[in-house]
Amino acid sequence: MSGVEEALPPNTNNDSTKSEFAITFEDITVHVPPIKACLPCCTFNNIKNLGTEYFGMSIEQRSSFYTLDRVSGVVKSGETCLILGKSGSGKSTLLRALCSRLNETDDLYGTVALNGIPIGKSNQGWRRMCSYVSPDDGTHSPVLTVGETFEFAARCTMGEVEEEGIVDERVNFVLEALGLSHVKNTVVGDENLRGVSGGQKRRVTVGEMLLNPTSRVHCLDNITDGLASTDSFSLIQQISIACKKHRLASIITLLQPSDEIIGLFDKLLVLSSDGQPSYFGPVDRQKLREVFVDGDASKDSGSIADLVMNQAMSKASLNEPNTKEEKASNAYLNSDLYLQLTKDIANIRAEAPPIQDREAALNALLPDSMYSTSRWHQLQIIASRRKKLIMRNSMTYARVVIAIIFGAIVGSLFSTLKQDTVGALGRSGYIFLSSFLVLMLSSAVTLPDGFRQRITLFKHRNAEFYSGTVAYIVQMAMDLPLSIIEATLIASISYFWVDMTPGANHFFLFLFTLIGLECVGQAFGRVLCALSRTQVSANVTSSLCILLFATVGGFMPAYGSVTWLLRWLSWITPVAYAFEAMMINQFDGTTFFGLVIVNENGTSTTGSVDGTNYLNSQSLPRSQWTSNNGIMIFDVIMLFIIAIVLDVIGMHFQERTRQWYFNQIRRPRATVARTTVSESCVSNADASVDNRDPEVQADGGYVVESLAVKNLSYSVNIGKKKSIWKPKRATLQSMVGPMLAKIAGKSSESKEAINEEENKVELTLLNG
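The rules we used
- Residues numbered from 1 in each chain as written.
- Predicted model: local features only at pLDDT ≥ 70, side-chain atom pairs only at ≥ 80, totals over all residues.
- Heavy atoms only, no water.
- Core = buried A, V, L, I, M, F, W, Y, C linked by side-chain atoms within 4.5 Å.
- Buried < 20%, exposed > 50% of the residue type's maximum accessible area, 1.4 Å probe, protein only.
- Helix = DSSP H or I, 4+ residues; strand = E, 2+ residues; numbered from the N terminus.
- Pairing = 2+ DSSP bridges.
- Axes fitted to C-alpha atoms, helices over the stretch in contact; angles between N-to-C directions.
- Contact = heavy atoms within 4.5 Å.
- Phe/Tyr/Trp six-rings, centres within 6.5 Å; stacked < 30°, edge-to-face > 60°.
- Parallel < 35°, antiparallel > 145°, perpendicular 65-115°, else oblique.
- Left-handed = near helix turned anticlockwise from the far one by under 90°.
- Nonpolar A, V, L, I, M, F, W, Y, C, P; charged D, E, K, R; others polar.
- pLDDT = per-residue confidence, 0-100.
- Salt bridge = Lys/Arg side-chain N within 4 Å of Asp/Glu carboxyl O.
- Expected span 1.5 Å × (residues − 1).
- Bend = angle between axes of the 7 residues up to and from the residue.
- Polar contact = N/O pair within 3.5 Å; in protein donor to acceptor, adjacent residues only side chain to side chain.

Considering the nonpolar core
Then step 1. Residues Leu-114 and Ile-223 are the most contacted members of the largest nonpolar core, which totals 103 residues.
Then step 2. If one sorts the elements of this core by residue count, helix α4 (residues 146-157) sits on top with six residues.
Then step 3. Judged by nonpolar contacts, the second largest core, of 59 residues, contains Ala-491, Phe-524, Ala-578 and Ile-584.

Right under this line is the structure:
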């Protein structure tokens, strides 16, 4: 990496009133409420897993627990703070709590304040000022290059820049600082598309959020995962320099960093396995020893990370009242560090403005608008990005090919129909098949792309890049041209091939009906993307609903033959509206032959059938409303109305699904109280098991969930002794032995000499 001396690009906001700030978090406690089982009597694991994975149902009961417990600290502008802790100690939860991105289902207690002014749980201005980098790298659009990903983030966050080159200059600056200049024109990629490496993708995730000039606080979660040690050191060094030079603040979580990386931070926060603070203060090894090893330097033989995170690795017994973790937490709470932290928070709170002036003071510190750009500018940049995604998506061209093949197959299938009663039934089937398949295909091809882009949309919305409504409208508008192309190809190839009613007015009404069905299918797919937890559940729901639409579509059975319990579905089914409109368009005012009339004298003649009478025999739902032309127009308009209604529903639930998507699934934990656990004898084994609930308080302290097994023996009765095949050891003698035998000949003396030499070689290899 390069550009360390310049670090990250400066923010465009140079207002002196916003240059200095202090973030205080006091007694931060996060409580996860209990969940009651939806089906308490369910004993089938398959049903439990299905309900939890695909529908988000709480099949199993979960007790409440705490992920953080009274965590406090202060981070000022120009400082970097490192959070260390074992997996599950609440590091990521603390970051999300500080930047107002905590799960809505969790309860947050304590105070997060900016310059002593408390910040609400959901403050959009604070979310813009405080960026969050998640540990997930699978949130990028794989077909976009690294440069295009950065450019889009910059245009969303830098405002409506009029001068040419400013955006490119900032993007190139970050690319060089993160060591990504050589992969600027390489696609990000995913598991299906080869792109940048895992470490480079991690830096893309970090750089995308660092491009925001309004962000002055960076909460970075495990940003060095997948990076080499030198790259990790360089990245943290650049962030540290940027914070000091541009008066920013960074709060970073890392896993087992080196002492060199830890030395780059100004402050260190250590969390115990139960979410309690074990240390907060400067990166001072002597102070760390006083807290974790009682100042005994002889017990500190490893790195700083080993010193602060191994305090619970050597417990002598589960029933030991004070573990090393508890001792460290108690030592910290009784130390001068904690006393000084309490004084610092109190002083910052005392310097805060009066209550009546706090709203104005907070608004002066935070960005003064919901987004960095206007909604019109958001529409332009999102549309530009959406165009690239559509043109680079292989499914776009596959949909065109599918439309051509579908039109050719259906056209050839019904190409031999004649103008008689059999032909009328066949054309009715062609109309129904076209309606059903167009709706099904348009919905099916929308789901994969929608789920692929949904996670990227949610990440951008969490970062307040743009409005979710604008993004949804752009998606609707950009999908429309492809719908028109598909419908035009299907109608142009099959309509005249099947010898439907000639005339431009008949053809274009047929075409508009197919376009309406395309819009309904894509809107239905977007709604399922907004409502469904996974793509599997969306595919199943889509198939079931479209099959139901086809059943009550009016072809087989006809509307009059449908039972009254299901007849009302024809009024909300897009297939029924499309089928009725195209049937009237085809048969109204036409005449076809093929009706055989038998006279009294036994002779037969061929009669004609009026198209209007044929329509009446189909018992169409709205046949008695008004004229046939009015019914056709009404049906086509209803298709577009259904599409709009579905999109409004999808637009509404998209934001709800964003919160639902980021809510973590927490598995049930043990609920056995400490006092109820005792050692028990296991048959044929001397073993003891101790289960503890992390949220149960006993004897005034928190109990850590753990499991201990001692002197456990295990035996298997294999019954009748069987020969066991053992693989041969691949040694040097097994490879050169045959060659030596061939060279030395077949004599018994030579064979014995070779075997003796082989044994020596094998013994030497085994001992070595």
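Examining the sheet that holds strand β3 (residues 80-85)
Then step 1. On the basis of which strands lie adjacent, the open sheet formed by six strands has the order β6-β7-β8-β3-β9-β10 and mixed pairing. Sheet topology places β6 (130-133) and β10 (277-282) at the edges, where each strand pairs with a single neighbour. Between one strand and the next, the sheet's axes are offset by a mean angle of 15°, whatever the strand orientation.
Then step 2. For β3 and strand β9 (residues 267-271), the ladder comprises five bridges, and the chain directions are parallel. In the strand pairing of β9, Leu-82 is matched with Leu-268.
Then step 3. Its contacts with the sheet place helix α2 (residues 91-98) against β3, β6, β7 (217-221), β8 (249-253) and β9, and it is angled at close to 145° to β3.

Considering the packing of aromatic side chains
Then step 1. By the definition in use, this model includes 17 aromatic pairs.
Then step 2. Ring plane angle 65° and centroid distance 5.8 Å describe the contact between Phe-414 and Tyr-430, whose orientation is recorded as edge-to-face. With Phe-414 in the loop between α15 (394-413) and α16 (421-462) and Tyr-430 in helix α16, this pair connects stretches of sequence that are 16 residues apart.
Then step 3. Owing to a relative accessible area of 13%, Phe-414 belongs among the buried residues under this scheme.
Then step 4. Judged by its relative accessible area of 0%, Tyr-430 is buried.
Then step 5. Between Phe-432 and Phe-436 the ring centres are 6.3 Å apart and the planes differ by 5°, which places this aromatic pair in the stacked class. Here Phe-436 and Phe-432 lie together in helix α16, a separation of four residues that amounts to about one turn.

A few points about the packing of α15 against helix α17 (residues 468-494)
Then step 1. At a minimum axis distance of 8 Å, the contact between α15 and α17 shows a crossing angle of 20°. Here α15 lies roughly parallel to α17, going by the angle between them. The two elements α15 and α17 meet at a crossing, and its hand is right-handed. Contacts from Thr-396, Arg-399, Val-400, Ala-403, Ile-404, Phe-406, Gly-407, Ala-408 and Gly-411 in α15 reach Leu-482, Glu-486, Leu-489, Ile-490, Ile-493 and Ser-494 in α17.
Then step 2. Across the contact of α15 with α17, the residue classes break down as nine nonpolar, four polar and two charged.

Some points on the sheet that holds strand β1 (residues 22-32)
Then step 1. Taken in spatial order, the four strands make up an open sheet running β2-β1-β4-β5, and their pairing is antiparallel. The open sheet terminates on both sides in strands that have one partner only, identified here as β2 (65-76) and β5 (117-118).
Then step 2. In terms of strand pairing, β1 meets β2 through eight bridges, oriented antiparallel. The residue of β2 that forms the bridge with Thr-24 is Val-74.
Then step 3. Against the sheet, helix α12 (residues 336-350) engages β1 and β2, with an angle of about 70° to β2.

Quick notes on the confidence of the model for the chain
Then step 1. Taken as a whole, the chain shows an average pLDDT of 78; of its residues, 75% reach a score of 70 or greater.
Then step 2. Segment residues 1-6 is flagged for pLDDT under 50; beyond a separation of four residues in sequence, or across chains, it makes 19 contacts in the model.

Observations regarding the pattern of salt bridges
Then step 1. Throughout the structure, instances matching the rule amount to 18 salt bridges.
Then step 2. In this structure, Arg-70 and Asp-69 form a salt bridge, with 3.1 Å as the shortest nitrogen-oxygen distance.
Then step 3. Classification of Arg-70 as partly exposed rests on a relative accessible area of 46%.
Then step 4. Judged by its relative accessible area of 8%, Asp-69 falls in the buried class.
Then step 5. With a closest N to O distance of 3.6 Å, Arg-452 and Asp-449 form a salt bridge. Here Asp-449 and Arg-452 lie together in helix α16, a separation of three residues that amounts to about one turn.
Then step 6. Through salt bridges with shared partners, a single ionic network connects Arg-386, Asp-449, Arg-452, Asp-479, Arg-526 and Asp-647.

So, α17
Then step 1. Compared with the 39 Å implied by 1.5 Å per residue over 27 residues, the 39 Å span of α17 between its first and last C-alpha is a close match.
Then step 2. Of all the bends found along α17, the most pronounced is centred on Leu-480 and spans about 25°, while Pro-481, a proline, follows it within four residues.
Then step 3. Measuring from the side-chain oxygen of the N-cap residue of α17 to the backbone nitrogen of Thr-469 gives 3.2 Å; that N-cap residue is Ser-467.

Considerations on the pairing of β10
Then step 1. Burial of β10 is extensive: five of the six residues sit out of reach of the surface.
Then step 2. Of the pairings in the sheet, the one linking β9 to β10 comprises five bridges and is antiparallel in character. Considered in β10, the bridge of Leu-271 is made with Pro-277.
Then step 3. Between the end of β9 and the start of β10, which pair antiparallel, lie five residues, with Gly-275 showing a positive phi angle near 85°.

Section: the side chain of Thr-456
Then step 1. The residue Thr-456 is located in helix α16 in this model.
Then step 2. Owing to a relative accessible area of 2%, Thr-456 belongs among the buried residues under this scheme.
Then step 3. Setting aside chain neighbours within four positions, we find Thr-456 in contact with Thr-139, His-140, Ser-141 and Arg-385.

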